[in-house]
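If you want the building blocks of each chain, they are given just below.
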Amino acid sequence: MRKAIFLDRDGTLNPDPGYISDPADFELFPGVPQALARLKKAGYLLILITNQSGISRGMISPQQLELVHQKLQNLLAAESVTLDAIYFCPHHPEYPLHGITECECRKPQPGMILQAKKDFDIDLAASYVIGDRRKDIQIGINAGVRPICIRPQPAPGYENVPTFVSLSEAVDWLLAAAADKV
Ligand SMILES: [Mg+2]
Ligand SMILES: [Zn+2]
């Protein structure tokens, strides 16, 4: 079995202006490629899990999302890092997509993590989920994966969740915490 870091996208890896449809509008926060490289070196799969309801809302096409994710991979490749997989939920309860409103993949539901577990034989207990919103903490709780939060302050009601101002600081903590466990 492999261990993985499940990564939120918007607000965690990149600034979030809302419904990014143009690769030109997609940039990483400083230090993100280097932080991800350290996780990769420590043996973690890097798996993106992102809610992209802009698709069901008609604000982003699947082709545009693909181009944005190519830009993401290109920016990471410059630091010799690759995401091992990208899972996205295109759904929204109020905007039917191919007749679907209720799905099992929209965070905080655990669908994307459970699919990745199947696809990569992941040990969820040895893995972490990193995100900036309550839904990212909650998907960790729902799937049995330890959550880490990237926010200026802990999320109200989740003060016990390790919270850091940047991905780099989160990775410092995670690698030290994982080393302690061995
Ligand atoms: Mg986010
Ligand atoms: Zn979905």
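Preceding block: the structure.
Notes on the structure in this doc start here. (Residues numbered from 1 in each chain as written. Chains lettered and ligands numbered in written order. Predicted model: local features only at pLDDT ≥ 70, side-chain atom pairs only at ≥ 80, totals over all residues.)

Some details on unusual backbone geometry
Logical step 1: A cis geometry characterises the amide bond from Lys107 onward to Pro108, with omega recorded as 15°.
Logical step 2: Checked against the element boundaries, Pro108 lands in the loop between β3 (85-89) and α3 (111-120).
Logical step 3: The residue Tyr19 is not glycine, and still its phi comes out positive at about 50°.
Logical step 4: Residue position: Tyr19 is located in the loop between β1 (3-7) and α1 (32-41).
Logical step 5: Of note, the phi angle at Asp121 is positive, near 55°, even though the residue is not glycine.
Logical step 6: Tracing the backbone shows Asp121 in the loop between α3 and β4 (128-131). (Helix = DSSP H or I, 4+ residues; strand = E, 2+ residues; numbered from the N terminus.)

Considering the pairing of β1
On any regular strand, side chains alternate: one points to one face of the sheet, the next to the other face.
Logical step 1: Burial of β1 is extensive: four of the five residues sit out of reach of the surface.
Logical step 2: Bridging between β1 and strand β2 (residues 44-51) involves five bridges; their strand directions are parallel. Bridge pairing in β2 places Leu7 opposite Leu48.
Logical step 3: For the handedness criterion, the β-α-β arrangement of β1, α1 and β2 is classed as right-handed.
Logical step 4: Here β1 runs beside β4; their pairing, made up of three bridges, is parallel. Bridge pairing in β4 links Leu7 to Ile130. (Buried ≥ 20, exposed ≤ 12 C-beta atoms within 10 Å, placed from the backbone. Pairing = 2+ DSSP bridges. Right-handed = clockwise from strand over helix to strand, strands pointing away.)

None of this, on its own, says anything about what the molecule does.
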